[in-house]
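# Residue-level structural notes
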Amino acid sequence: MSIALVLPATGGLLTVPRPRLRFPAIITRRGDLPDPGPPEPGLVEINRQPLRFAADWQLAIAEECRRQQTLGPAVFHYLQASNLLTRCLYLSSETADGPLLFRYIGVPTRTCLGDDWARANLGKPDTAPSDGLVNGVDAQYREAIDAGQPVYNRVFVTDVMDTPLSYTHMLVGWRLPDGRRAVLSALELL
Amino acid sequence: MGLALDRLISDLCLGAPTADLVAACETTLALLPVRTLDDAARVLDVEAAALEAEGCGRIWRIAVLDSVRDLLADLVRAGRSTAVRPTAADRELLLLEREWLALLAQVERGTGASQADADALWSALLAVADAPAQGLVGALVKLRVLVRVLADTATPESPEFRLLATTLAAVERLAAGLVAAEGVRKAAEVDALFTAAGHVMAPITPPPALIEDASRDTGLSALTVQRVYSTMMRLIGGNA
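Residues numbered from 1 in each chain as written. Chains lettered and ligands numbered in written order. Predicted model: local features only at pLDDT ≥ 70, side-chain atom pairs only at ≥ 80, totals over all residues. Heavy atoms only, no water.

## Here we look at unusual backbone geometry
Residue and element names in this part refer to chain A. In the Ramachandran plot, Gln-69 falls in the positive-phi region, its phi being about 70° despite a non-glycine side chain. Position of Gln-69 relative to the elements: it lies in the loop between α1 (56-68) and α2 (73-81). According to the relative accessible area criterion, Gln-69 is exposed, its value standing at 66%. For Asn-83, which is not a glycine, the phi torsion comes out positive at approximately 60°. In this fold, Asn-83 is placed in the loop between α2 and β2 (88-93). Given a relative accessible area of 59%, Asn-83 falls into the exposed group. (Helix = DSSP H or I, 4+ residues; strand = E, 2+ residues; numbered from the N terminus. Buried < 20%, exposed > 50% of the residue type's maximum accessible area, 1.4 Å probe, protein only.)

Structure representation (C-alpha cells):
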C-alpha cells in the first residue's frame, strides 16, 4: 500500500505564514518622535559637613580669619603669602542691602566656568549658569555672614558643566562696620 | 563746637560748678558732635576746668585727666589709625584695670575691708594711674577707672561725677566711630587688593601665542608646553 502526498492546487508551493513586521514608531518618520516633555531641571545638592572634614588648608584659612577677627588687609596678605589665594573666591557688596559682587575668582571656579566667564563677571553679582546653584549657594553665603561662623559644605551640581561637578567650600563671612557684607570661599574641586 | 566749649570752660573757671552749670555741661556735651580726637581733647578741657574749680583735693584726678588729655593731643598729632591700633601698653592697662576691678569685687564681697585690702586696692589703682596709655583704648581705661573711683567716693549727683561720666560717654562714642571708620577703610582696602589680584591672574586656557613663545624659548613641543601649563594651573588651584 502506498501513501500519496496530495498538494493543494495553488501552484504546488508550500506556503508558510509570515509574521508581519512592525517597525517602532521612532523610525517610521521624523514627525512621529514622542514629545520629550519639559527639560529635566539640574540637580543641586548642598550638604553641610562638620568643619573637621575640611581639607587642612581650608581649615587653616578659617582659623586665620577667626584669629584676625575683622576683615583687613592681613587676611589678604596671609592668603597671598601661603599661596592659597588662587584657591579662593571673594565677594563683597557695594551697599548694606546690595548683592554680593565677585571681586576675585580663583582657579577652581575659572577651571569650571572659563576665563571669559570670570573676566565678564568680575564686579558683578553671582550669575553661574545654574539657577539652582546660585540660589543654593547664596543662602549659604548669607548664613556664613549672619552667623559669623565658618560654614563647610559639599556641593554636587549637574547643570554647570557637561559632566556633574562636585566640590567642597569653606565659607567665611563678615558684616562690615558700614553694613556691607563680604564672604571668602575656599574651594576644592573633587 | 569750639565756642560752646569755651563758654562752658569760662563759666566753670568762675567758680565751683552749680547744678545749673553742670546740667548745661551735660546737655552741651551730649549734643556736641565729637568726631575727632581734637574734639575729645576739648571735651576733656571742660572736665579739667570743672575739677580745678572744685579746688584742692582733686589733684590726683586732675593729673589723670590731664594725662588723658595730653594723650589725646598726642594722638591728634599721630593720626587716627594710630589712635585705634591696640598697643602693648594699652593691653597692659586693660590687664591692670581687670586686676583692680577683681580686687575691688573681692573686697566688696568680704565682710569688712582690712587695712591690707585698702592698701592693695590703692596700689592697684596707682598702677593703673601710673601706667602710660598709647591709644584710645588706654585713654578709655583711664577714664573708666576714674569714673568708677568717683562712683565709690562721690554721689552720683555730684558735678564732677556727672561731668566725667558725660565725658567718658563722649570719648566712647568717638572711639566707636573711629574704630568703625577704620574697619570700613580696611575692608575697602581688602576689596581693592582682591580686585587688583583678580585682574592679573594667569589664564586657565593660555592664548596660542603664549604657548608658541614658550615652545620656541624652551625647545619643547607645543603639546608638552600645554601640558606643563595645565599641570601648573591645577597645582596652584589645589587640584593636582
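## Structural notes on the sheet that holds strand β1 (residues 44-48) of chain A
All names here are of chain A. In spatial order, the strands read β1-β4-β5-β6-β2-β3; together these six strands make up an open sheet with antiparallel pairing. Each edge of the sheet is formed by a strand with only one pairing partner; in this case those strands are β1 and β3 (100-105). Pairwise comparison of adjacent strand axes, ignoring direction, gives a mean angle of 25° for this sheet. Along the sheet face, helix α5 (residues 131-147) touches β1, β2, β3, β4 (151-157), β5 (165-175) and β6 (181-189) and points at about 35° away from the line of β5. (Pairing = 2+ DSSP bridges. Axes fitted to C-alpha atoms, helices over the stretch in contact; angles between N-to-C directions. Contact = heavy atoms within 4.5 Å.)

## Side note on the nonpolar core
If you look at the biggest cluster of nonpolar residues, it comprises 32 residues, and the most contacted ones within it are Ile-61, Leu-71, Leu-79, Tyr-90, Trp-174 and Leu-184 of chain A together with Phe-194 of chain B. Listed by contribution, the elements that provide at least two residues to this core are α1, α2, β2, β5 and β6 of chain A together with α9 (159-199) and α11 (222-236) of chain B. With near-sequence residues (within four places) excluded, Ile-61 of chain A lies in contact with Tyr-78, Leu-79, Leu-84, Cys-88, Leu-184 and Ala-186 of chain A. (Core = buried A, V, L, I, M, F, W, Y, C linked by side-chain atoms within 4.5 Å.)

## Some points on the environment of Pro-206 of chain B
Residues and elements named next belong to chain B. Mapped onto the elements of the fold, Pro-206 is located in the loop between α9 and α10 (208-218). Of the residues examined, Pro-206 reaches a relative accessible area of 8% and is grouped as buried. In contact with Pro-206, not counting residues within four places along its chain, are Ile-211, Gln-226 and Tyr-229.

## Some remarks on the packing of α10 of chain B against α11 of chain B
Residue and element names in this part refer to chain B. Contact pair α10 / α11: the axes reach a minimum separation of 9 Å and the direction vectors enclose 110°. Judged on the interaxial angle alone, α11 and α10 are roughly perpendicular. As α10 packs across α11, the resulting crossing turns out to be right-handed. Between α10 and α11, the residues in contact are Leu-210, Ile-211, Ala-214, Ser-215 and Thr-218 and Ala-222, Val-225, Gln-226 and Tyr-229, respectively. Here the contact of α10 with α11 is composed, by residue class, of six nonpolar, three polar and no charged. (Parallel < 35°, antiparallel > 145°, perpendicular 65-115°, else oblique. Left-handed = near helix turned anticlockwise from the far one by under 90°. Nonpolar A, V, L, I, M, F, W, Y, C, P; charged D, E, K, R; others polar.)

## Remarks on the packing of α1 of chain A against α2 of chain A
All names here are of chain A. Two numbers describe how α1 lies on α2: the axes approach to 10 Å, and their chain directions differ by 155°. Our classification of the angle between α1 and α2 gives roughly antiparallel. Taken as a pair, α1 and α2 cross one another with a handedness that is right-handed. Along its contact with α1, which presents Ala-60, Ile-61, Glu-64, Cys-65 and Gln-68, the element α2 presents Ala-74, Val-75, Tyr-78 and Leu-79. When the residues that make up the contact of α1 with α2 are grouped by side-chain class, the tally is seven nonpolar, one polar and one charged.

## Quick look at the interface of chain B and chain A
Between chain B and chain A, the residue contacts involve 26 residues of the former and 28 residues of the latter. Of the roughly 2,200 Å² buried at the junction of chain B and chain A (both faces included), carbon and sulfur atoms supply 67%. The interface formed by chain B and chain A includes two salt bridges. Across the pair Arg-180 of chain A and Asp-191 of chain B runs a salt bridge, and its minimum N-O distance is 2.9 Å. Applying the counting rule to chain B against chain A returns five residue pairs in polar contact (both at pLDDT 80 or more). Here the side of chain B that touches chain A takes 15 residues from α9 of chain B, the largest share from any one element. A breakdown of the residues in the side of chain B that touches chain A according to their chemical character gives 15 nonpolar, eight polar and three charged. (Buried area = accessible area lost by both parts, 1.4 Å probe. Salt bridge = Lys/Arg side-chain N within 4 Å of Asp/Glu carboxyl O. Polar contact = N/O pair within 3.5 Å; in protein donor to acceptor, adjacent residues only side chain to side chain.)

By themselves, these observations are geometric and do not establish any function.
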